[in-house]
Amino acid sequence: PDLYHSRKEIVSGPENPLPGDTMYLTKNINHIYLTVECSTSSVLESLEPYIYGSNSLFNYENRLLGDRMITYHPHDTKVMTNQRKYSLTTMLLRIGGDLSLYFKEQNPDGSVANRKLFNITEELAKVKDSNGNRLYFSDARLAFEDEYNFTIVLDASSQIIDLKINDWYVVKDYVEIK
């Protein structure tokens with residue numbers, strides 16, 4: 001089920017003596033589908049993704065309230081040989097938010113480490129269309145999308161070598177070495 005919140009305005013005045021109602025509905029959740037690929041299946045077996053940050057409480061104007069931290073875990077997982085697909089549902093994504101994707105990793109010695117991969121909205125802000133225009137430059141643009149599909153390709157040491165969001169490649173910033 002999806003979660004919405006609303007704001008109601010009463011419109012009246014000399015031109016319109018009878019009050020009329022205007023109702024605004026804002027969807028408060030996003031569905032994130034994460035696909036992780038790696039040629040080394042043991043790398044995939046040792047990873048457990050989750051999303052962590054503060055984006056859980058909003059007021060009636062859809063503004064973030066406070067810094068309450070929340071963790072989102074996958075509610076559905078599909079396991080294939082060299083690929084894992086995870087489904088997560090989060091509250092509404094916001095530009096400048098600190099909601100980040102993490103991997104809980106099992107180390108060879110049996111210990112567990114939490115590794116931050118990236119800030120979700122920072123990576124969304126890097127996505128550009130074929131004309132070079134940023135697709136997700138504001139909260140309003142983020143609100144147009146209900147679903148985000150992240151595809152991450154890892155190397156044998158579980159480092160990101162490729163990232164696609166909604167089938168658009170995210171180009172990393174490269175430093176020129178002189």
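Definitions and limits used
Residues numbered from 1 in each chain as written. Predicted model: local features only at pLDDT ≥ 70, side-chain atom pairs only at ≥ 80, totals over all residues. Heavy atoms only, no water. Pairing = 2+ DSSP bridges. Helix = DSSP H or I, 4+ residues; strand = E, 2+ residues; numbered from the N terminus. Axes fitted to C-alpha atoms, helices over the stretch in contact; angles between N-to-C directions. Core = buried A, V, L, I, M, F, W, Y, C linked by side-chain atoms within 4.5 Å. Buried < 20%, exposed > 50% of the residue type's maximum accessible area, 1.4 Å probe, protein only. Contact = heavy atoms within 4.5 Å. Salt bridge = Lys/Arg side-chain N within 4 Å of Asp/Glu carboxyl O.

Colleague: Residue-level account of the sheet that holds strand β9 (residues 112–119), with values.
Modeller: The strands that make up a sheet pair up through hydrogen bonds in the backbone, lying either parallel or antiparallel. What the four strands build is an open sheet, ordered β5-β4-β8-β9; its pairing is antiparallel. The open sheet has two free edges, formed respectively by β5 (70–72) and β9, since each of these has just one partner strand. Averaged over all adjacent pairs, the angle separating strand axes in this sheet is 30°, with direction ignored. Summarising the sheet, strand β4 (residues 47–53) and β5 pair through three bridges and their orientation is antiparallel. Its bridge partner lying in β5, Tyr 52 is registered against Thr 71.

Colleague: Give a detailed account of the nonpolar core, specifying residues and quantitative values.
Modeller: If you look at the biggest cluster of nonpolar residues, it comprises 32 residues, and the most contacted ones within it are Ile 120, Leu 124 and Phe 150. Looking at this core, the element that brings in the most residues is strand β3 (residues 29–38), giving five residues. Residues contacting Phe 150, with those up to four places away along its chain left out, are Ile 32, Tyr 33, Leu 34, Thr 35, Phe 118, Ile 120, Leu 124, Leu 163, Lys 164 and Ile 165.

Colleague: Which residues make up the pattern of salt bridges, and what values go with them?
Modeller: In this structure the tally under the stated criterion is four salt bridges. Asp 76 is the salt-bridge partner of Lys 78, the closest N and O atoms lying 3.1 Å from each other. Asp 76 gets classed as partly exposed once you look at its relative accessible area, which sits at 32%.

Colleague: Tell me about the pairing of strand β11 (residues 160–165), and please be specific about residues and values.
Modeller: Across five bridges, strand β10 (residues 147–154) lies against β11 in antiparallel orientation. The residue bridging Val 153 from the neighbouring strand is Asp 162, located in β11. Two successive antiparallel strands, β10 and β11, enclose a turn made up of five residues, where Ser 158 displays a positive phi of approximately 65°. Relative to strand β12 (residues 168–169), β11 runs antiparallel, the two sharing two bridges. What sits directly across from Lys 164, in β12, is Tyr 169. Once β11 ends, the chain turns through two residues before running back antiparallel as β12, passing Asn 166 with a positive phi of about 50°.

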